[in-house]
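Working through the structure, step by step
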Amino acid sequence: ALSVYISQSYFVSFDAVWTRWSKTPDPSLNVRLDAGGVLLDGLGLADRLDVGGSSPVDLQFKNTWSIRLGFEQKPLDWLTARAGYGYEPSPSPHPIGAYNYLDPTSHRLALGIGITLENPLASHRQAVHFDLAYATTILAEETVEKEAGGADPVGNYKADGVIHVLALTLRHDI
């Protein structure tokens, strides 16, 4: 990470993160059931009711570099404006086989303002801080066409989306 004050009222930050997705374990549930006993063995059902555990899936995730860039400006003593951008590439391969581990590339945008007011209670000299922020995450569209085509129980599909976040904070230092 790198953060620099360009002047007393301008601040810039840059962050690059390497994520080791290739070491992510398979999140699938592994269940094994071995049914047996005198009654089931006598009826010939013991082996038919067994459920074998499955081998872990090789997710084939690749390691990624994500970047984030942020700006902050303080045009007035009591007002701070903020903006940011983040890019996170997908670690997952295109899901064409039996598994559907889908994680589209995402772009994140954020805007915010901070307002600092003198303490209205006057019993303390500390200021009151309000922060309002809006962020959106845009998930890139991914079209999935399965190798098995119509025989795949999930079938072909498209995935994308937008996530919106609105935050308001109030802070009063004691």
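Quick note: structure is the one above.
These numbers come from a predicted model, not from an experiment. Think of each chain on its own: its residues are numbered from 1, step by step along the sequence as written. In view of the model being predicted, local features appear only for residues whose pLDDT reaches at least 70, and side-chain atom pairs are presented and counted only at 80 or more, with totals across whole chains, interfaces and linings using the full set of residues. The side-chain figures draw on all heavy atoms in the structure; neither hydrogens nor water molecules are used.

A cluster of nonpolar side chains, contributed by Leu 2, Val 4, Ile 6, Tyr 10, Phe 14, Ile 67, Leu 69, Phe 71, Tyr 85, Leu 109, Ile 138 and Val 162, occupies part of the molecular surface with about 1100 Å² of accessible area. Those elements giving two or more residues to the nonpolar patch turn out to be strand S1 (2-5), strand S2 (10-19) and strand S3 (64-76). With three residues, the top contributor of residues to the nonpolar patch is S3. Considering the arrangement of structural elements, one finds Ile 6 in the loop between S1 and S2. Only protein chains enter the calculation, and the probe is 1.4 Å; a residue is then buried if its accessible area is under 20% of its type maximum, exposed if over 50%, and partly exposed in between. Taking relative accessible area as the criterion, Ile 6 reaches 58% and is therefore assigned exposed. Residues forming no salt bridge and having over 30% relative accessible area are the ones grouped into patches, like charges within 9 Å of each other and nonpolar side chains (Val, Leu, Ile, Met, Phe, Trp, Tyr) within 5 Å. Using a 1.4 Å probe, accessible areas were evaluated by the Shrake-Rupley method; residue-level cover was limited to the displayed protein chains. Salt bridges are counted wherever a side-chain nitrogen of Lys or Arg sits within 4 Å of a carboxyl oxygen of Asp or Glu. Put simply, DSSP marks the helices as runs of H or I at least four residues long and the strands as runs of E at least two long, and each gets a number from the N terminus on.

Glancing now at the packing of aromatic side chains. In this scheme Phe, Tyr and Trp rings, the latter by its six-membered ring, pair at centre separations within 6.5 Å, and the angle between planes marks the pair as stacked below 30 degrees, edge-to-face above 60, and tilted otherwise. In the structure shown here, the tally under the stated rule is two aromatic pairs. A ring pair is formed by Tyr 5 and Phe 11, whose centres lie 4.7 Å apart and whose planes are at 50°; its orientation type is tilted. Ring centres of Trp 21 and Phe 61 lie 6.2 Å apart, and the angle between their planes is 80°; on these two criteria the pair is classed as edge-to-face. Of the two residues, Trp 21 is situated in the loop between S2 and helix H1 (38-43) and Phe 61 in the loop between H1 and S3; the sequence distance between them amounts to 40 residues.

It is worth spelling out the sheet that holds S2 at this point. In this scheme, strands are said to pair when DSSP sees at least two bridges between them. In spatial order, the strands read S1-S2-S3-S4-S5-S6-S7; together these seven strands make up an open sheet with antiparallel pairing. Two strands in the sheet have a free side with no partner beyond their single neighbour: S1 and strand S7 (157-172). Strand-to-strand twist of the sheet, defined as the mean angle between neighbouring strand axes without regard to direction, takes the value 10°. Here S3 runs beside strand S4 (residues 79-88); their pairing, made up of eight bridges, is antiparallel. In the sheet register, Arg 68 faces S4, and the bridge partner there is Gly 86. Comment: axis = line fitted to C-alpha atoms, over the contacting stretch for helices; angle = value between 0 and 180 degrees taken between N-to-C directions.

Turning to the pattern of salt bridges, a few remarks are in order. All told, the structure shown has four salt bridges when counted by the stated rule. Arg 82 serves as the salt-bridge partner of Asp 131, at 3.0 Å between the closest nitrogen and oxygen. Of the two residues, Asp 131 is situated in strand S6 (residues 128-144) and Arg 82 in strand S4; the sequence distance between them amounts to 49 residues. Taking relative accessible area as the criterion, Asp 131 reaches 22% and is therefore assigned partly exposed. Here Arg 108 and Glu 88 are joined by a salt bridge, their closest N and O atoms 3.0 Å apart. You can see Arg 108 sitting in strand S5 (residues 106-117) and its partner Glu 88 sitting in strand S4, a full 20 residues away along the chain.

The quantities given are spatial measurements derived from coordinates; they are silent on function.
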